[in-house]
Amino acid sequence: MKAETFLFAGVALFFAVTGLGYAFWSTFEPVGTTALAVSFLMSSLVCFFCWRQHLVRGQRLQDRKEAEIHEGAGPLDFFPARSYAPVATAIGVTVLAAGVVYGVWLALIGTGLLVPGVAWFVFEYHDRTA
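Residues numbered from 1 in each chain as written. Predicted model: local features only at pLDDT ≥ 70, side-chain atom pairs only at ≥ 80, totals over all residues. Heavy atoms only, no water.

A.B. asks: I'd like a rundown of the pattern of salt bridges, residues and numbers included.
C.D. replies: With the rule as written, the count across this model stands at four salt bridges. With its nearest N and O atoms 3.8 Å apart, the salt bridge here joins Arg60 to Asp63. A salt bridge links Glu71 to Arg64; its shortest N-O distance comes to 2.7 Å. Residue classification places Arg64 among the partly exposed positions, given a relative accessible area of 27%. Overlapping salt bridges, with partners in common, bring together Glu4, Arg60 and Asp63 in one network. (Salt bridge = Lys/Arg side-chain N within 4 Å of Asp/Glu carboxyl O. Buried < 20%, exposed > 50% of the residue type's maximum accessible area, 1.4 Å probe, protein only.)

Structure representation (structure tokens):
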């Protein structure tokens, strides 16, 4: 994760410098300044996540120049076969977004559909061992 950390640190630095320059020369035009500030914060968040994963998990094979291909052999991770949780969550988000446009009553129905979909995502494989 070391390379990814440096990559996103560079992206965050770019957005910070660009955002400060934009804010200075546009006399604090709110939309562009906010968009660049949010871009800086999002890339900083990804940079922090990658850095934290590098500290917790240590070096990966991709981080070592002398690593051999056969060292990465074996199972990678757990990948579920299929799930209907994304469909339930997508329906809930769609109804909630339509509720923002058409009224609070539809937004409440969308929230009522979205919460079980997210809970389904979270707890679908919570009892899986290994």
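A.B. asks: Hey, could you go over the side chain of Asp63 for me, with residue numbers and the actual values?
C.D. replies: Residue position: Asp63 is located in the loop between α2 (30–57) and α3 (85–102). Relative accessible area serves as the criterion here: at 18%, Asp63 is assigned to the buried category. Ignoring any residue separated from it by four or fewer positions in sequence, one finds Asp63 in contact with Met1, Lys2, Ala3 and His54. (Helix = DSSP H or I, 4+ residues; strand = E, 2+ residues; numbered from the N terminus. Contact = heavy atoms within 4.5 Å.)

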